[in-house]
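Structural description and commentary
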Amino acid sequence: MLILAVESSCDETAVALVKDGREVLADCIASSVEMHKLYGGVVPEIASRKHIEVIADLADAALEKAGVTRRDIDAVAVTYAPGLIGAVLVGVNFAKSVAYALGVPLIPVHHVRGHIAANYIAHRELEPPFVCLCVSGGTSLIVDVRGYTEMEILGATHDDAAGECFDKIARVMGLGYPGGGPLDRAAQGGDDKAFSLPAVHVQDAPLDLSFSGLKTAMLNQIHKIQQKGEPLPVADLAASFSAAVSRELVPRTMEAAQALGYGKVAVVGGVAANSRIRGDLEAACQKTGISLYLPPLKLCGDNGAMIGSQGYYEYLAGNLGDTDLNAYANREISLG
Ligand code: KG4
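Bear in mind that the values here come from a model prediction, so they are computed numbers and not experimental data. (Residues numbered from 1 in each chain as written. Predicted model: local features only at pLDDT ≥ 70, side-chain atom pairs only at ≥ 80, totals over all residues. Heavy atoms only, no water.)

Some details on the nonpolar core
- Residues Phe 241 and Val 245 are the most contacted members of the largest nonpolar core, which totals 46 residues.
- If near-sequence neighbours (up to four positions away) are discounted, Phe 241 is found in contact with Cys 165, Phe 166, Ile 169, Leu 183, Leu 197, Leu 214 and Met 218.
- The next biggest cluster of nonpolar side chains, apart from the first, holds 32 residues, and it includes Ala 117, Phe 130, Ala 305 and Met 306. (Core = buried A, V, L, I, M, F, W, Y, C linked by side-chain atoms within 4.5 Å. Buried < 20%, exposed > 50% of the residue type's maximum accessible area, 1.4 Å probe, protein only. Contact = heavy atoms within 4.5 Å.)

Below you can see the structure in the form of structure tokens.
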């Protein structure tokens, strides 16, 4: 089954062609990140306008790259939630129009379910159940992936997402936007014990996360150094911060997998690119005999292929949309 998949929930416009949920024939992405850099964060209206400009050309490019025609498309999958509402609306309306014109099914896909499915592309043998750590610019979740379309949140952030936190700290340290990647690189060779940062516990919710206290502690450390007129020890700050974020994410993810008796842990989202988090997860999984599934870096960020993969499983489960499909800024992952 050939699915044309559309993703436009933030600042990446992506159109992919995916066969039977696991084989990517084309994955074309255009990003408006360069424009957002001027403002130090994503400007929703600019993102929406960029999606409108490029989405049809991207679809043509994907068809050409895959060597198929519009007539070969069996269904259209699209991210319909969550995301910047104006941005998601562009993709939904485009996908709806394509499905309507071709007379093929329309498949609504939850963006975070899509991120989880990036692992089905990278690891053909991976099947649920597993625990998935989903960490991006807008999400920090620990999810029980019981089935391809059956999921439950085990832990969620009460405030900032991990990626948002990386971006804010990186900005204050002068590392630009988006700052997760540059901060990760800056941390290489730094002393991860140079700064003591707080561990966070959410009362009565041991798997829940919170990053605002960590962010404030980090900002205080930075301001103290700046007030003394000293140069920022960027590598040490970045290494200490990366270690502190990893300390929040990795033990909780492992605890969830062990409590459920799952032998598999997956990690997805832009922050899954972080070398400290990847390394700590690898070490923890090795110690406990749990298999770790990490997508390659190109599948960590937003892309269309992951939507095509999850779209296939939503289709098999009968989760189809119609011409009245709407877009949502927020939606529970368990609802699909
Ligand atoms: O999944 P993604 O591309 O977009 C969504 O938010 O949906 O994630 C982007 C986030 C940004 O906050 C970016 O700073 C962060 O992922 N990120 C990283 C790294 N690479 C990207 N954070 C930490 N370490 C990295 N190496």
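The discussion continues.
Some words on the site of the ligand
- The full set close to the ligand counts 21 residues, and Gly 137, Asp 167, Gly 180, Asp 184 and Gly 270 are the nearest of them.
- Gly 180 has a polar backbone atom sitting 3.0 Å from an oxygen atom of the ligand.
- Here an oxygen atom of the ligand sits 2.9 Å away from a polar atom, N or O, in the main chain of Gly 270.
- Compared with its free state, where it exposes 550 Å², the ligand has 85% of that area covered by protein.
- Of all elements in the fold, only helix H4 (111-122), helix H5 (162-172) and helix H6 (180-187) reach the threshold of two or more residues within the shell around the ligand. (Near = heavy atom within 4 Å. Polar contact = N/O pair within 3.5 Å; in protein donor to acceptor, adjacent residues only side chain to side chain. Areas by Shrake-Rupley, 256 points an atom, 1.4 Å probe, with all protein chains shown as cover. Helix = DSSP H or I, 4+ residues; strand = E, 2+ residues; numbered from the N terminus.)

What about the side chain of Ser 9?
- Along the chain, Ser 9 falls in the loop between strand S1 (2-7) and strand S2 (12-19).
- Looking at Ser 9, its side chain comes within polar contact range of the side chain of Glu 7, at 2.6 Å.
- Once you skip the residues sitting within four places of it in the chain, Ser 9 turns out to touch Thr 79, Pro 82, Gly 83, Leu 84, Ala 87, Val 88, His 111 and Asp 302.

Comments concerning the packing of H5 against helix H7 (residues 212-227)
- It is the contact of H5 with H7, at a shortest axis distance of 11 Å, that shows an interaxial angle of 5°. By the angle between their axes, H5 is roughly parallel relative to H7. Residue-level contacts link Cys 165, Lys 168, Ile 169 and Val 172 of H5 to Lys 215, Met 218, Leu 219, Ile 222 and Gln 226 of H7.
- Split into classes, the residues belonging to the contact of H5 with H7 amount to six nonpolar, one polar and two charged. (Axes fitted to C-alpha atoms, helices over the stretch in contact; angles between N-to-C directions. Parallel < 35°, antiparallel > 145°, perpendicular 65-115°, else oblique. Nonpolar A, V, L, I, M, F, W, Y, C, P; charged D, E, K, R; others polar.)

A short note on the sheet that holds strand S8 (residues 150-156)
- A sheet is described by the order of its strands in space; here five strands give the open sequence S8-S7-S6-S9-S10, paired in mixed fashion. Each having just a single partner strand, S8 and strand S10 (291-293) make up the two edges of the open sheet. Each adjacent strand pair in this sheet contributes to an overall mean axis angle of 25°, direction not counted.
- Across four bridges, strand S6 (residues 130-135) lies against strand S9 (residues 264-268) in parallel orientation. Bridge pairing in S9 places Cys 132 opposite Ala 266. (Pairing = 2+ DSSP bridges.)

Regarding the sheet that holds S1
- Strand order across the open sheet formed by five strands is S3-S2-S1-S4-S5, with mixed pairing between neighbours. Of all the strands in the sheet, the pair left with one neighbour each is strand S3 (23-31) and strand S5 (106-110). Taken over all neighbouring pairs, the strand axes of this sheet differ in orientation by 20° on average, direction set aside.
- Contacts from helix H3 (residues 85-102) reach S1, strand S4 (75-81) and S5, with the element oriented near 160° to S4.
- Where H4 meets the sheet, its contacts fall on S1, S3, S4 and S5, and the angle it forms with S5 comes to roughly 95°.

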